[in-house]
Amino acid sequence: MRTLILLTLATITLLAQDVPNPPKDFDGKSWWDHIKVLAADNMEGRETGSPGLKRAEAYIVDQLKAAGIEPAGASGYYQPIKFISREIDEKSSSMALVKDDKAEPLTLGEDAFFSTRVDLAPEVDVPLVFVGYGLNVPEQDYDDLSGLDLKGKIAVVFSGIPASIPGPLGSHYSTQAERWKALKAAGAIGAINIPNPASMDIPWSRMTLARARPSMDLADPEFNETAGEKIGGVINPAHADKFFAASGHSFQEILDVSKDRKQLPRFPLNISLRARAKTITHTLESSNVIGKLPGTDPALKNEYVILSAHVDHLGIGEPINGDRIYNGAMDNASGDGVLLDVAAALKSSANKPKRSLLFLFVTAEEKGLLGSKYFAAHPTVPDKSMVADINIDMFLPLYPMKMVTVYGLKESDLGDEIRQVANKDGIEVEDDPEPQRNSFIRSDQYNFIRHGIPALTMKVGYRPGSPEDKTFHDWLHERYHAPSDDLKQPVDLGAAGKYEQVISQLMLTVADDERRPEWKQQSFFRRYAQPSGGE
Ligand SMILES: [Zn+2]
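Every value quoted in this text rests on a predicted model; they were computed, and no experiment measured them.

Peer 1: So, the overall build of the protein: which residues are in play, and what are the values?
Peer 2: Secondary structure assignment for the protein yields 14 helices and 22 strands. C-alpha atoms of the protein, sized along the principal axes, occupy 85 × 60 × 45 Å. Here the protein holds 535 residues, and the buried ones make up 58% of them. In the protein, the share of contacts with a sequence separation of at least 24, taken over all contacts with a separation of at least 6, comes to 83%. Here the protein has roughly 21600 Å² of accessible surface; of this, 52% comes from carbon and sulfur atoms. The average position of the 59 basic charges and that of the 75 acidic charges among the side chains of the protein differ by 1 Å.

Right, dumping it as structure tokens:
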């Protein structure tokens, strides 16, 4: 009896000791010092390919060098990447709705705008079909496209995922690449989105301002995910009625059904879109920045745990309240600051990781996760040596950190490891409270997931309905992708420090675990880890 009790106690103690202590007391001050540099006006919003982003990356490289972190890029710390950029020439472009040979011109920017993520054809004049969420999810026997004639037509898609489809699965199928695969297979030649007004992160007025900015893609054709897509665009939900007028349905009907997140009705809109598009194309180069802290274990040091964050932001754009610089302090200088702090602290700590750590600062996240897409396809370390990616993007330390929201919590062993770390630190762990926001696939971790590598990302959490919930959503509404995401905003340095503490402990936990993390048996994303799977 007694022995048994002692054994149990011993086991518990051992588990608690499994979580390493943080390498130092993070207080958020050095974190804020990095942000003051990276989000300063002279970094000009760190647009991909811009001198401002180069300056920010040079600062990061200097900091890595000073901390004794080794270069791990293709050329020193850098991994150069080639991009193409596309910009719409709106003066030479137009959209009109055509019914019985009568054309009703649309006002670009008010009714709709072109998406230059797609290589737009100069001219199209084809019928429109409303396809609901436009999803085909074989695992759930769910298909929005069955019974519709989409051959040679344009699909009009309402953004979102029905409630019947689990978050990660729905997120996966609603990526541009997967959605287009399904629409293309059904014969469509293009897709136009209507954002759901109930879940728009940024109001139409701000979305439409951003349309003049160039969009980018990786120059190498191996990465083209929209082949065959001749037209892409976005419809203002406040003006969407125009598109439904000839269909015998109303947009309000769609909004009503979407409130319960049920499958939407799908039907031909009995109207054509006549579009003329002129795009201006450039090529440019931008780099990822990569540093490494070698592991101490003779065998495990050949494996890498990646900590990633994007450096790029939106650059200089349309002014809002007289400010043209989109500084991107929280999005995502905040993440870069964590990487720099954690790298320096782990390097100078006596507690060295058994596996090697890779600090990956990626470019072109805002252009469609492009820097990480390139890195995951062409890593600067051996392909099979990457065991996990912990990604940081806009973790929002706006209030004290009592809780951490983890995206990908139930998908892999990393979820158990973050639970262990958080428990030790007295922090609650919460799964994604808003799976419909697609956060699990909306940042760079997704490119590692697609290559079979377990990944997760996390933010400072809040309880639904709490004042913190309001602060979080107010921040999204007012500052997300706006010039006011700058140095003049209230942040909680203590929360940032605590977040760094959790991240550093998680990195050490994953790096020191004898087993590399695996996808859970039931995880949808496990398919990419199968030797026969992946793409
Ligand atoms: Zn962003």
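Structure's up, so let's keep going.
Peer 1: Talk me through the packing of helix H3 (residues 51-67) against helix H9 (residues 329-348); I want residue IDs and the actual numbers.
Peer 2: Angle between the axes and distance between the axes: these two values describe a pair of packed helices. Two numbers describe how H3 lies on H9: the axes approach to 9 Å, and their chain directions differ by 15 degrees. When the axis of H3 is compared with that of H9, the two are roughly parallel. At the point where H3 passes H9, the crossing takes the right-handed sense. Residues Tyr 59, Ile 60, Gln 63, Leu 64 and Ala 67 of H3 touch H9, and the partners they reach there are Asp 336, Leu 340, Ala 344 and Lys 347. Residues that form the contact of H3 with H9 fall into these classes: six nonpolar, one polar and two charged.

Peer 1: Break down the domain arrangement of the protein for me, with residues and values.
Peer 2: Splitting the protein by domain gives domain 1 (18-84 + 284-528) and domain 2 (90-277). Between domain 1 and domain 2, the C-alpha centre-to-centre distance is 31 Å. The partner domain 2 presents 28 residues to the 40 residues of domain 1 that form the contact. Of the roughly 2900 Å² buried at the junction of domain 1 and domain 2 (both faces included), carbon and sulfur atoms supply 57%.

Peer 1: Lay out the side chain of Asn 288 in plain terms, naming residues and giving numbers.
Peer 2: By secondary structure assignment, the location of Asn 288 is in strand E14 (residues 279-293). Within polar-contact distance, the side chain of Asn 288 engages the backbone nitrogen of Thr 363 at 3.0 Å.

Peer 1: Quick one: what's the story with H9, residue by residue and with numbers?
Peer 2: Since the α-helix turns once every 3.6 residues, residues separated by three or four places project in the same direction. With 20 residues, H9 extends 27 Å from end C-alpha to end C-alpha; this agrees with the ideal 28 Å at 1.5 Å per step. Where burial is concerned, most of H9 is hidden: 17 out of the 20 residues are buried.

Peer 1: Pulling in residues and values, what's your account of the sheet that holds strand E10 (residues 190-194)?
Peer 2: Ordered by their spatial adjacency, eight strands build an open sheet running E4-E3-E13-E6-E9-E10-E12-E5, and the pairing between neighbours is mixed. Either end of the sheet is taken by a strand with one partner, and the two such strands are strand E4 (102-106) and strand E5 (112-114). For this sheet, the mean inter-axis angle between neighbouring strands, taken without regard to orientation, is 30 degrees. Alignment of E10 against strand E12 (residues 231-235), held across four bridges, turns out to be parallel. When the bridges of E12 are listed, Ile 192 appears paired with Gly 233. Lying over the sheet, helix H8 (residues 251-259) contacts strand E6 (123-130), strand E9 (154-158), E10 and strand E13 (267-276), oriented at roughly 50 degrees with respect to E9.

Peer 1: If you had to explain the confidence of the model for the protein to someone new, which residues and values would you point to?
Peer 2: A low pLDDT score tells you not to read the predicted coordinates there in detail. Chain-level pLDDT for the protein is 93 on average; 96% of the residues reach the 70-or-more range. Low pLDDT, under 50, characterises residues 1-14; the predicted model gives this stretch zero contacts beyond four residues in sequence or across chains.

Peer 1: Describe the coordination of the zinc ion, and please don't skip the residues or the numbers.
Peer 2: Coordination of the zinc ion by the protein comes from Asp 331 (OD), Glu 366 (OE), Glu 366 (OE) and His 481 (NE2), over a distance range of 1.9 to 2.5 Å. Sequence positions of the residues that donate to the zinc ion give the spacing D-x34-E-x114-H. Note that Asp 331 is positioned in helix H9 and Glu 366 in the loop between strand E18 (356-362) and helix H10 (370-377), a separation of 35 residues in sequence. Each member of the pair Asp 331 and Glu 366 is classed as buried.

Peer 1: Residues and numbers for the pattern of salt bridges, please.
Peer 2: By the definition in use, this model includes 27 salt bridges. With a closest N to O distance of 2.9 Å, Glu 47 and Lys 367 form a salt bridge. One end of the pair, Glu 47, is in the loop between helix H2 (29-38) and H3; the other, Lys 367, is in the loop between E18 and H10, with 320 residues separating them in the sequence. The pair Glu 47 / Lys 367 is uniform in exposure class, with both members buried. Taking the shortest distance from any N to any O, the salt bridge between Lys 262 and Asp 260 comes out at 3.5 Å. If you follow the salt bridges from partner to partner, you end up with Asp 413, Asp 416, Arg 515 and Lys 520 in one network.

Peer 1: Tell me about the packing of H2 against H3, and please be specific about residues and values.
Peer 2: Two elements in contact, H2 and H3, have axes separated by 10 Å at closest approach and are oriented at 145 degrees. Residues Asp 33, His 34, Val 37 and Leu 38 of H2 form the contact with H3, whose own contacting residues are Ala 56, Tyr 59, Ile 60 and Gln 63. Partitioning the contact of H2 with H3 into residue classes produces five nonpolar, two polar and one charged.

Peer 1: So what's going on with the nonpolar core? Residues and values would help.
Peer 2: Of all hydrophobic cores here, the largest spans 78 residues; its most connected members are Phe 359, Met 458 and Ile 503. Each of domain 1 (18-84 + 284-528) and domain 2 (90-277) gives at least three residues to this core. Every residue in contact with Phe 359, bar those within four places of it in the chain, is listed here: Ile 69, Val 289, Ile 290, Gly 291, Leu 293, Leu 307, Leu 339, Val 342 and Ala 343.

Peer 1: How would you sum up unusual backbone geometry? Please name residues and give values.
Peer 2: Looking along the chain, the bond that leaves Asp 331 and enters Asn 332 is cis, with omega of 5 degrees. Position of Asn 332 among the secondary structure elements: in helix H9. Its identity as a non-glycine residue notwithstanding, Leu 369 has a phi of 55 degrees, on the positive side. Within the element layout of this structure, Leu 369 appears in the loop between E18 and H10. Unusually for a residue other than glycine, His 481 sits at a positive phi of about 55 degrees. With respect to the helices, strands and loops of the structure, His 481 is situated in the loop between helix H13 (467-478) and helix H14 (493-512).

Calculation notes
- Residues numbered from 1 in each chain as written.
- Predicted model: local features only at pLDDT ≥ 70, side-chain atom pairs only at ≥ 80, totals over all residues.
- Heavy atoms only, no water.
- Helix = DSSP H or I, 4+ residues; strand = E, 2+ residues; numbered from the N terminus.
- Buried < 20%, exposed > 50% of the residue type's maximum accessible area, 1.4 Å probe, protein only.
- Contact = heavy atoms within 4.5 Å.
- Areas by Shrake-Rupley, 256 points an atom, 1.4 Å probe, with all protein chains shown as cover.
- Lys, Arg positive; Asp, Glu negative; His and termini not counted.
- Charge placed at Lys NZ, Arg CZ, Asp CG, Glu CD.
- Axes fitted to C-alpha atoms, helices over the stretch in contact; angles between N-to-C directions.
- Parallel < 35°, antiparallel > 145°, perpendicular 65-115°, else oblique.
- Left-handed = near helix turned anticlockwise from the far one by under 90°.
- Nonpolar A, V, L, I, M, F, W, Y, C, P; charged D, E, K, R; others polar.
- Domains from an automatic or database assignment.
- Buried area = accessible area lost by both parts, 1.4 Å probe.
- Polar contact = N/O pair within 3.5 Å; in protein donor to acceptor, adjacent residues only side chain to side chain.
- Expected span 1.5 Å × (residues − 1).
- Pairing = 2+ DSSP bridges.
- pLDDT = per-residue confidence, 0-100.
- Donors = N, O, S within 2.8 Å, 3.2 Å for Na, K, Ca; no water.
- Salt bridge = Lys/Arg side-chain N within 4 Å of Asp/Glu carboxyl O.
- Core = buried A, V, L, I, M, F, W, Y, C linked by side-chain atoms within 4.5 Å.

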